[in-house]
Amino acid sequence: AQSVTQPDIHITVSEGASLELRCNYSYGATPYLFWYVQSPGQGLQLLLKYFSGDTLVQGIKGFEAEFKRSQSSFNLRKPSVHWSDAAEYFCAVGYGGSQGNLIFGKGTKLSVKP
Amino acid sequence: EAGVVQSPRYKIIEKKQPVAFWCNPISGHNTLYWYLQNLGQGPELLIRYENEEAVDDSQLPKDRFSAERLKGVDSTLKIQPAELGDSAVYLCASSLGRVNTGELFFGEGSRLTVL
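Residues numbered from 1 in each chain as written. Chains lettered and ligands numbered in written order. Predicted model: local features only at pLDDT ≥ 70, side-chain atom pairs only at ≥ 80, totals over all residues. Heavy atoms only, no water.

Asker: Describe the nonpolar core, with residues and values.
Answerer: Counting 26 residues, the largest nonpolar core has A:Leu19, A:Trp35, A:Leu47, A:Leu48, A:Phe74, A:Leu76 and A:Tyr89 as the members making the most contacts within it. Elements supplying a minimum of two residues to this core: β2 (10-14), β3 (19-21), β5 (32-38), β6 (44-50), β8 (64-68), β9 (73-78), β10 (87-95) and β12 (108-113) of chain A. No other element matches the 4 residues that β10(A) contributes to this core. If near-sequence neighbours (up to four positions away) are discounted, A:Leu76 is found in contact with A:Leu19, A:Glu20, A:Leu21, A:Trp35, A:Leu47, A:Leu48, A:Phe63, A:Glu64, A:Ala65 and A:Tyr89. Formed by 22 residues, the second largest nonpolar core is a distinct cluster that contains B:Trp34, B:Ile79, B:Tyr90 and B:Leu112. (Core = buried A, V, L, I, M, F, W, Y, C linked by side-chain atoms within 4.5 Å. Buried < 20%, exposed > 50% of the residue type's maximum accessible area, 1.4 Å probe, protein only. Helix = DSSP H or I, 4+ residues; strand = E, 2+ residues; numbered from the N terminus. Contact = heavy atoms within 4.5 Å.)

This is how it looks when you write it as structure tokens:
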């Protein structure tokens, strides 16, 4: 069965420091992978997605993620975190022909220290 | 362009009462989803519509939950009767049909508290 694991429930980083959020997936076929961000009281917003091709994908707000098939991972990175990046981040894998059904991880809450 | 609109944003009810949530997707989006998000968890799919057809409702607890998408646009999710464990955020999302970018656009959610 498909599953997504985000091992870190809560991460705190200093403003200006680099960030890496981990995501591991379990899926039998070529995965469609996504990172979404959810600010408090808001819906989820897509940061970036991977369908095929270049395994390093760029997203909005300066985020990037790298797909590593050998490690079944799709980690999210940002070189310099801003206070406004404090939010909850969800990794998701798409399945089904429409890529419309997503399985989400439990999320990683990011706090940013001044 | 307007995003996905949900109402109400917040609802507090007593257990055993009914409740309904409404969702208006982005114009032109054929696919509509209802997700359940419990505190500290990621969203879980309840039901997916392609136009007015429910194509995946395997996770919808049909004894108390129902949904409809008349005319393939707006959708309503109903719970009757509500139980304490139904307290959660109910998210609606929409996307272009099968040939799409895979991006789901989410509303802000309806937060339900059952007392």
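Asker: How would you summarise the interface of chain A and chain B if you had to cite specific residues and measurements?
Answerer: Counting residues at the interface gives 21 residues for chain A and 22 residues for chain B. Summed over both partners, the interface of chain A with chain B buries about 1,700 Å², with 46% contributed by carbon and sulfur atoms. Taken together, the links from chain A to chain B amount to 0 salt bridges. Along the contact surface separating chain A from chain B lie 3 residue pairs in polar contact (both at pLDDT 80 or more). Those elements giving two or more residues to the side of chain A that touches chain B turn out to be β5, β6, β10 and β11 (101-104) of chain A. A class-by-class count of the residues in the side of chain A that touches chain B yields 9 nonpolar, 10 polar and 2 charged. (Buried area = accessible area lost by both parts, 1.4 Å probe. Salt bridge = Lys/Arg side-chain N within 4 Å of Asp/Glu carboxyl O. Polar contact = N/O pair within 3.5 Å; in protein donor to acceptor, adjacent residues only side chain to side chain. Nonpolar A, V, L, I, M, F, W, Y, C, P; charged D, E, K, R; others polar.)

Asker: So what's going on with the sheet that holds strand β8 (residues 75-79) of chain B? Residues and values would help.
Answerer: Residues and elements named next belong to chain B. Spatially, β1-β3-β8-β7 is the arrangement adopted by the 4 strands of the open sheet, whose pairing is antiparallel. The outermost strands of the open sheet, each flanked by one partner alone, are β1 (5-7) and β7 (65-68). In this sheet, neighbouring strand axes are inclined to one another by 15° on average, regardless of whether the strands run parallel or antiparallel. Relative to β8, strand β3 (residues 19-24) runs antiparallel, the two sharing 5 bridges. Each residue of the ladder has a partner; that of phenylalanine 21, found in β8, is leucine 77. (Pairing = 2+ DSSP bridges. Axes fitted to C-alpha atoms, helices over the stretch in contact; angles between N-to-C directions.)

Asker: So what about unusual backbone geometry? Which residues, and what values?
Answerer: Peptide bonds are mostly trans, and most non-glycine residues show a negative phi. Residue B:Pro8 is reached from B:Ser7 by a cis peptide bond, and omega for that bond is -10°. Mapped onto the elements, B:Pro8 comes out in the loop between β1 and β2 (10-13). Of note, the bond from B:Gln80 into B:Pro81 is cis; its omega dihedral lies within 30 degrees of zero at -5°. Take B:Pro81: it is sitting in the loop between β8 and β9 (88-95). With phi around 50°, A:Ser72 is a residue other than glycine that occupies positive phi space. Locating A:Ser72 in the fold gives a position in the loop between β8 and β9. Residue classification places A:Ser72 among the partly exposed residues on the basis of a relative accessible area of 26%.

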